[in-house]
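Descriptive structure summary
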Amino acid sequence: MQTKDFDFYLPEELIAQDPLEDRSSSRLLVLDKKTGERTHRIFRDIVEYLEPGDCLVINNTKVIPARLIGEKEGTGAHIELLLLKRKEKDIWETLVKPGKKAKPGTRISFGGGLLTGEIIDVVEEGNRLVQFTYEGIFEEILDQLGQMPLPPYITHQLQDKNRYQTVYAKYEGSAAAPTAGLHFTKELLQKIEEKGIVIANVTLHVGLGTFRPVKVEDVTKHHMHSEFYQVEKAEAEKINAAKASGHRVICVGTTSCRTIESAADENGIVRAGNGNTEIFIYPGYSFKILDALITNFHLPESTLLMLVSALAGRENILAAYDEAVKEKYRFFSFGDAMLIH
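Residues numbered from 1 in each chain as written. Predicted model: local features only at pLDDT ≥ 70, side-chain atom pairs only at ≥ 80, totals over all residues. Heavy atoms only, no water.

**Some remarks on empty space enclosed by the protein**
With the rule as written, the count across this model stands at 3 cavities of 30 Å³ or more. Taken as a whole, the largest cavity spans an internal volume of roughly 90 Å³. Residue lining of the largest cavity: Pro19, Leu20, Arg23, Ser26, Arg163, Leu182, His183, Arg330, Ser333, Phe334 and Gly335, and that is the complete set. In terms of residue class, the lining of the largest cavity is made up of 4 nonpolar, 4 polar and 3 charged. Taken as a whole, the second largest cavity encloses approximately 60 Å³ of empty space. (1 Å grid on protein atoms, 1.4 Å probe; cavity = no way out; pocket = protein on both sides within 12 Å on 5 of 7 lines; lining within 4 Å. Points joined across faces, edges and corners; volume = space filled by probe spheres on them. Nonpolar A, V, L, I, M, F, W, Y, C, P; charged D, E, K, R; others polar.)

Structure follows, in structure tokens:
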């Protein structure tokens, strides 16, 4: 299986740069994973495709404003820092630009000294460990100084930081949003619950590796980045109960999908607990829990496109993407949605 098998033509103007005013008014392409049949709807119509007893799994991670712009102490050189993963209380693994100026011992000042970072080590892939010093509460300082770490294909900062958060975001730790969830409003979630659909919350902190291109020709040789996930006992029980009673488990986004597939044992039971997952789902994978998926439109040759192809078949997915391009759907993080069922 070659990476180039997952390529498709996407005109640049179809890459959504801003979220819609009303989250739930995005377009929705509904794809039947068995027949390949496609239907065009509006996202709020999703309620019609959910049945009482189904379990909708959402990822309640919260994006931190992880992009910091600072100055190198001594020279005043401009340095950009992206927080990737908290290692200890005030020590973070970061991505630093430009990396050449960021040797161990380098000190960087943010917000006129409100926050100071010292590079203490170089780790895998050239990432840096940074120890921060500050007075007060780190999260409050970060909220004041940090910018949302938008994907590289979005060319400007958001006016409202909350538009890169789901309405149910709860636990801070992501460097990117679980974007399929951006289409839901509180009102829409209420309608879904009123219809008798069970909502289960899981947590997976999305890493920037989600945007990392697949650089190997042979798909199976690609190594996935590691991400932290957590499934609480009560939430695992909701998912298992839906499966046991013959109802569907529908994941909102590839991150929810990767979480429950990582947490499932060989008998198809979701186990409560936490850990780091490097699960890579591509065609040939046999899903243990997932029955249907709500997702956005993904980048060519990406691991996310491979995941949806594992669910619906590469030909069905590429045909649906071809139609989405013809119909001028909006792509990627702030784009339109797809239901694969």
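Here the narrative resumes, following the displayed structure.
**Thoughts on the sheet that holds strand S17 (residues 337-340)**
Sheet architecture is open: 9 strands sit in the order S2-S1-S17-S16-S14-S3-S12-S13-S15, paired in mixed fashion. Only two strands of the sheet have a single neighbouring strand rather than two, namely strand S2 (38-42) and strand S15 (273-277). Across this sheet, the average inter-strand angle for adjacent strands is 25°, counted without regard to direction. Helix-sheet contacts for helix H4 (residues 254-263) involve strand S3 (55-59), strand S12 (198-204), strand S13 (227-231), strand S14 (249-252), S15 and strand S16 (292-296), and the interaxial angle to S12 is about 85°. (Pairing = 2+ DSSP bridges. Helix = DSSP H or I, 4+ residues; strand = E, 2+ residues; numbered from the N terminus. Axes fitted to C-alpha atoms, helices over the stretch in contact; angles between N-to-C directions. Contact = heavy atoms within 4.5 Å.)

**Some points on the packing of helix H5 (residues 303-312) against helix H6 (residues 314-326)**
Here H5 crosses H6 at 120°, and the two axes come no closer than 7 Å. One finds that H5 runs oblique with respect to H6. Note on element contacts: H6 touches H5 through Arg314, Asn316, Ile317 and Tyr321, opposite Leu305, Val308, Ser309 and Ala312. (Parallel < 35°, antiparallel > 145°, perpendicular 65-115°, else oblique.)

**Thoughts on the environment of Asn127**
Relative to the elements of secondary structure, Asn127 occurs in the loop between strand S9 (115-122) and strand S10 (128-134). With 175 residues separating them along the chain, Asn127 and Ser302 place their C-alpha atoms 22 Å apart. Contact partners of Asn127, with chain neighbours within four places excluded, come to Leu84, Glu93, Thr94, Leu95, Asp121 and Val122. For Asn127, the side chain forms a polar contact with the side chain of Glu93, separated by 2.9 Å. (Polar contact = N/O pair within 3.5 Å; in protein donor to acceptor, adjacent residues only side chain to side chain.)

**Considerations on the layout of surface pockets**
Of the volumes computed, that of the second largest pocket is approximately 440 Å³. Along the wall of the second largest pocket there are 29 residues; nearest its centre are Thr210, Phe211, His298, Leu299 and Leu304. For the lining of the second largest pocket, the elements supplying multiple residues, two or more each, are H4, S16 and H5. In the lining of the second largest pocket, the residues fall into 16 nonpolar, 11 polar and 2 charged.

**Things to note about the domain arrangement of the protein**
Assigned domains of the protein: these are domain 1 (3-63 + 161-340) and domain 2 (67-147). Taken over C-alpha atoms, the centre of domain 1 sits 32 Å from the centre of domain 2. Residue-level contacts link 6 residues of domain 1 with 8 residues of domain 2. When the two sides are added together, the surface that domain 1 and domain 2 hide from each other amounts to roughly 510 Å², 44% of it contributed by carbon and sulfur. Viewed at the interface, domain 2 and domain 1 are joined by 0 salt bridges. Summed over the shared surface of domain 1 and domain 2, the result is 2 residue pairs in polar contact (both at pLDDT 80 or more). Of the residues assigned to the side of domain 1 that touches domain 2, the class counts are 2 nonpolar, 1 polar and 3 charged. (Domains from an automatic or database assignment. Buried area = accessible area lost by both parts, 1.4 Å probe. Salt bridge = Lys/Arg side-chain N within 4 Å of Asp/Glu carboxyl O.)

**Here we look at H6**
Between its terminal C-alpha atoms H6 stretches 18 Å, which fits the 18 Å expected from 13 residues at 1.5 Å a residue. Of all the positions in H6, only Ile317, Leu318, Ala320, Tyr321, Ala324 and Val325 are classed as buried. Each buried residue of H6 sits inside an arc of 160° when the element is viewed along its axis, so together they form one side. Residues of H6 that are exposed and point more than 90 degrees away from the buried face comprise Glu315 and Lys326. Considering only its buried residues, H6 is in contact with strand S1 (27-31), S2, S16, H5 and S17. Of the residues trailing H6, Lys328 is marked for its positive phi of about 60°. (Expected span 1.5 Å × (residues − 1). Buried < 20%, exposed > 50% of the residue type's maximum accessible area, 1.4 Å probe, protein only. Arc of directions from axis to C-beta.)

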